[in-house]
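Analysis of the macromolecular model
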Amino acid sequence: MKTEWMLKQDPPDEGDYRSIARELGVSPVTVRCMCNRGITSVEAMRKYLTASLSDLYDPFVMKGMREAVELLISYRNSGAASPDDTSTDAQTHDGGRPVVAIASDYDCDGICSAMILKLGLERIGFETEIFTPDRVAEGYGMNRRIVDDAHASGAGIIITCDNGIAAVDAVTYAKESGLQVIVTDHHEPQEVLPPADVIVDPKQEGETYPFIGLCGAGVAYKLIGALFEMLSHGDGNKSAIGGTETDDIAYESVDLPPHAECDYLEYAAIATVADVMELVDENRILVRQGLLQLENTKHVGLRALLKALRLEDRKLKASDVGFRIGPTLNASGRIASVKEAFALLQCEDEAEADERAGRLAALNAERQEMTDRATEQAVDMIENRFPGIDDGDCDDILVLYVPGVHESIVGLVAGKIKERFNHPVIAFTDAAPEDDGEERIKGSGRSIRGYHMFNGLINCKDLTVAFGGHELAAGLTIPKENLEELTKRVNDDSEFTEKDFILKINIDVATPISYVTEGLIDELEGMAPFGVANPRPLFAEKDLMVKNVRYLGNEGQHLKLTVSDGKGCSLDAMNFSGAGRFDEYIESAYGSGELDRIRRGESGIRLALAYRPEINVWNDRRSIQLMVEDYR
């Protein structure tokens, strides 16, 4: 993959780097990094560095939020199963509490969304049951079977989470069955909206909420927060909530502490990272504060999960969620049953929770092996199909059919292929057989910046059986015979140029390695959590002398260089899983003899490194090391 280094130099709105740094009490480097992330005013920087829950927006500003809350409170008061049945008592379980069905998705965002709703609703007197589709047999989204099961459970209301905006048929069926429906989702609305009683989706037309980038759990968290706020005030006819008077609804207040929804903040944080949302604005606040809370979580299942993953008693980072916690929760819905994850998260016995968490961790290890094998198969297929792909000789959007892959991991394969070649990818595998005999394949897409995958595929909707998604990801099912036409259409409509596929390495500051101190690294951590749209700061220095190289790992796949600036500063520089590429690069640029000399510590070659500084702790000793992003 070709790379292009770009030194970012976005200026501040007011003053210069040094004067702003003095005002904020940070280094000019940190100010420069914030500017490069679009945070260019002093006030915005101060808010960014001190982001707290008080900076979250009023949930009642979100379209449909007030109506959703009032519908739940009315149901709680009267127990009416539907607008046509206001004379009956609440549909309840034996405990006498009104029942709400939660129609969730089977991925980490859906799991966490459902837990937020379940815990929040049960806290104020509802009985809840969670219903999810079978990933293989039924696919994504609420369906008629879920509606039937919800009705049989005694529920009068179905709340969707992380799905529902495209469930026109299922919502219509639910309404015909006498159920009320609240859709909470964050996916892109399609041409026809479901006939729900209320839709809460920050991407719907006419939205006024200041931030539309929430994940499904973020929307669920805002709903529970709004519900708690209204219930804590008492008589709704007299209390101004969210800036306006509530209408035609009275109720007794519930004894809730201020911001009681914060008890579920960990779930919103996990889902936001796991669903690869941009860590800006509200998302960054939810993750920043949620990770702090997760470190000392009161939830037994989450504590057991941290223990099983060896993450307990340590400072948690977004990467811990992205690479370990999220995938482990996801694994149950991929290769077993999502009920495994829900059973863990609802567990209140520590011994049982430890056992369940161990099983989930084992499932994730199995899932990882399956993904690695399938990815290797997919890479071979692409390189055979496009021998010149590393030089840009291939389709703009890579569409491939990989037979025999478990359909639950095809999205993971698409993501890894996207990272390998820096192209949008849509990967398909075999779908479950249909009664009509039509051969279908199920696919998952992952995109790069500059290609809105949902918009690109909407023009091919006539080729699909099922379809949904957003800017950077999509899921779809098509008749197998339509694969060639789909491939042709998405590529014919592409407006990419060759430069779009060169991976941009965005350097924040050209920083000598001698400038890096533990104090600077600690200060940069104040910019965390890091992730999409808020990457960890990246620095670069040229003309660094390579003093030696060591190969680490079971197969020698990791690279450890020792580099020097020639002025007395030498540091270790790590590049994980990059040993093979480094050897090829040095041999092509300098010859195999020079590579041998580097290994013996006798070389004098110089490289420019793009690096991220970090503190390495080994045997209670702290040292600065560089994590190498790229070199030339």
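Residue positions are given per chain, counting from 1 as you read along its sequence in written order. Only residues with pLDDT of 70 or above have their local features reported here, since the model is predicted, and side-chain atom pairs are shown and tallied only from 80 upward, although totals for entire chains, interfaces and linings are computed over all residues. Think of the side-chain values as coming from all heavy atoms in the structure, minus any hydrogens and water.

Turning our attention to the sheet that holds strand E11 (residues 440-446). For sheets, the rule is that strands pair by backbone hydrogen bonds, running either parallel or antiparallel. Should DSSP find at least two bridges between two strands, the strands are taken to pair. Runs of H or I in DSSP of at least four residues are treated as helices and runs of E of at least two as strands, each being numbered from the N terminus. A sheet is described by the order of its strands in space; here five strands give the open sequence E9-E10-E11-E13-E12, paired in mixed fashion. Whereas interior strands pair on both sides, the edge strands pair on one side only; in this sheet they are strand E9 (398-401) and strand E12 (466-469). This sheet shows a mean twist of 15° between the axes of neighbouring strands, independent of strand direction. Bridge count for strand E10 (residues 425-430) against E11 is six bridges, and the pairing is antiparallel. Here the axes come from fitting lines to C-alpha atoms, over the contacting stretch only for helices, and the angles between their N-to-C directions go from 0 to 180 degrees.

Closest axis-to-axis distance for the helix H11 (residues 300-308)/helix H14 (residues 350-385) pair is 8 Å, and the angle between their directions is 50°. Between H11 and H14, the angle falls in the class oblique. The two elements H11 and H14 cross, and the hand of that crossing is right-handed. The segment H11 lies against H14, with Val-300, Gly-301, Arg-303, Ala-304, Leu-305, Lys-307 and Ala-308 engaging Glu-350, Ala-353, Asp-354, Ala-357 and Gly-358. Amino acids outside the nonpolar list (Ala, Val, Leu, Ile, Met, Phe, Trp, Tyr, Cys, Pro) and the charged list (Asp, Glu, Lys, Arg) are all regarded as polar, and Gly is one of them. Classifying every residue of the contact of H11 with H14 gives six nonpolar, two polar and four charged. Comment on the angle field: the value is read as roughly parallel under 35 degrees, roughly antiparallel over 145, roughly perpendicular from 65 to 115, and oblique elsewhere. Crossings are sorted by hand: turned counterclockwise from the far helix by less than a right angle, the near helix makes the crossing left-handed, and turned clockwise it makes it right-handed. Here, two residues are considered to be in contact whenever any of their heavy atoms come within 4.5 Å of each other.

Here the focus is the side chain of Asp-162. You can see Asp-162 is positioned in the loop between strand E4 (157-160) and helix H7 (168-176). Note on exposure labels: buried denotes an accessible area under 20% of the residue type's maximum, exposed denotes more than 50%, and partly exposed covers the range between, all computed with a 1.4 Å probe on protein chains only. We count Lys and Arg on the positive side and Asp and Glu on the negative side, and we leave His and both chain ends out. Within this document, salt bridges are pairs made up of a side-chain nitrogen of Lys or Arg and a carboxyl oxygen of Asp or Glu, the two lying within 4 Å of each other. Although Asp-162 is buried, it forms no salt bridge, and the closest oppositely charged side chain is Lys-203 at an N-O distance of 9.1 Å. Identification of polar contacts relies on pairs of N or O atoms within 3.5 Å, with a donor-acceptor requirement for protein atoms, meaning one able to donate a hydrogen and the other able to accept it, and with residues adjacent in sequence counted only if both atoms are side-chain atoms. Among the polar contacts made by the side chain of Asp-162, one reaches the main-chain amide nitrogen of Gly-110 at a distance of 3.3 Å. Apart from residues no more than four positions distant in its own chain, Asp-162 is found in contact with Asp-105, Asp-107, Asp-109, Gly-110, Ser-113, Tyr-140, Thr-184, Asp-185, His-186, His-187 and Gly-216.

Every definition here rests on a 1 Å grid over the protein atoms only: cavities are sets of points where a 1.4 Å probe fits but cannot get out, pockets are open sets enclosed by protein on both sides within 12 Å along at least five of seven lines, and lining residues have some atom within 4 Å of a point. Grid points are joined across faces, edges and corners, and a volume is the space filled by probe spheres set on the points. On inspection of all chains with the given rule, the structure shows two cavities of 30 Å³ or more. Roughly 140 Å³ of volume is contained in the largest cavity. In terms of lining, the largest cavity is formed by Met-1, Lys-2, Ile-389, Asp-390, Asp-391, Gly-392, Arg-420, Phe-421, His-423, Glu-498, Phe-501 and Ile-502. Considering only residue class, the lining of the largest cavity consists of five nonpolar, two polar and five charged. In terms of lining residues, the second largest cavity is bounded by Ile-521, Leu-524, Glu-525, Arg-536, Pro-537 and Pro-613. Within the lining of the second largest cavity, the residues separate by chemical class into four nonpolar, no polar and two charged.

To continue, consider the environment of Asn-36. Note that Asn-36 resides in helix H2 (residues 28-36). With relative accessibility at 4%, the residue Asn-36 sits in the buried group. Residues Asn-36 and Phe-60, spaced 24 residues apart in sequence, show a C-alpha to C-alpha distance of 32 Å. Within the local environment of Asn-36, its side chain forms a polar contact with the side chain of Asp-508, the two groups lying 3.0 Å apart.

Moving on, we get to a negative patch on the surface. A cluster of like negative charges, contributed by Glu-366, Glu-369, Asp-372, Glu-376 and Asp-380, occupies part of the molecular surface. If you trace the backbone, Glu-369 turns up in helix H14. A patch consists of residues whose relative accessible area exceeds 30% and which take part in no salt bridge; residues with like charges are grouped when within 9 Å of each other, and nonpolar side chains (Val, Leu, Ile, Met, Phe, Trp, Tyr) when within 5 Å. Note that accessible areas follow from Shrake-Rupley with a 1.4 Å probe, and for residues the cover is restricted to the protein chains shown. Throughout, a charge is located at the NZ atom of Lys, the CZ atom of Arg, the CG atom of Asp or the CD atom of Glu.

Okay, the sheet that holds strand E5 (residues 180-184) next. Strand order in the open sheet formed by five strands is E3-E2-E4-E5-E6, and the pairing between neighbours is parallel. Single-partner strands in this sheet number two, and they are strand E3 (127-131) and strand E6 (198-200). Here the average twist between neighbouring strands, direction ignored, is 20°. Bridge analysis of E4 against E5 gives four bridges, and the strand direction is parallel. For Thr-160, the partnering residue across the bridge sits in E5 and is Val-183. Strands strand E2 (99-103), E4, E5 and E6 of the sheet are contacted by helix H4 (residues 65-78), whose axis makes an angle of about 130° with E6. Contacting E2, E3 and E4, helix H6 (residues 144-152) runs over the sheet at an angle of about 160° to E3.

This part takes up the environment of Arg-334. Within the secondary structure, Arg-334 sits in helix H12 (residues 318-335). Distance from Arg-334 to Arg-135, taken between C-alpha atoms, is 7.3 Å for residues 199 residues apart in sequence. There is a polar contact of 2.4 Å between the side chain of Arg-334 and the backbone oxygen of Ser-408.

With that out of the way, let us pick up H12. Side chains three or four residues apart in an α-helix point the same way, a direct result of the helix having 3.6 residues per turn. To estimate the expected span of a helix, subtract one from its residue number and multiply by 1.5 Å. Across its 18 residues, H12 extends 25 Å between first and last C-alpha, which sits within 8% of the 26 Å expected from 1.5 Å per residue. The quantity called bend is, for any residue, the angle between two axes fitted respectively to the seven residues ending at it and the seven beginning at it. Of all the bends found along H12, the most pronounced is centred on Pro-327 and spans about 40°. Summarising burial for H12: 14 of the 18 residues are buried, a large majority.

Our focus in this paragraph is the pairing of E4. Side chains Ile-157 and Ile-159 of E4 all project onto a buried face; the interleaved residues Ile-158 and Thr-160 project onto the opposite face, where all are buried too. Crossover handedness for the path E4 to H7 to E5: right-handed. Viewed with both strands pointing away, a crossover whose connecting path from the first strand over the helix to the second turns clockwise is right-handed.

On to the pattern of salt bridges. Here the structure, examined in full by the defined rule, presents 39 salt bridges. Two residues, Asp-149 and Arg-145, come together in a salt bridge whose shortest N-O distance is 2.9 Å. Taken together, the positions of Asp-149 and Arg-145, both in helix H6 and four residues apart, correspond to about one turn of that helix. Classification of Asp-149 as partly exposed rests on a relative accessible area of 30%. A relative accessible area of 30% means that Arg-145 is categorised as partly exposed. The residue Asp-390 makes a salt bridge to Arg-420 at a minimum N-O spacing of 3.6 Å. Placement of the pair is Asp-390 in the loop between H14 and E9 and Arg-420 in helix H15 (residues 410-421), with a sequence separation of 30 residues.

Quick look at the confidence of the model for the chain now. A residue's pLDDT is simply how confident the predictor is in it, with values from 0 to 100. Looking at the chain, the pLDDT average stands at 91 and 94% of residues meet or exceed 70. Contacts for the low-pLDDT stretch residues 80-90, under 50 throughout, to residues beyond four places or in other chains number 23 contacts. Here residues 235-240 is a poorly scored stretch, pLDDT under 50, and it has 19 contacts once near neighbours within four places are set aside; other chains count.

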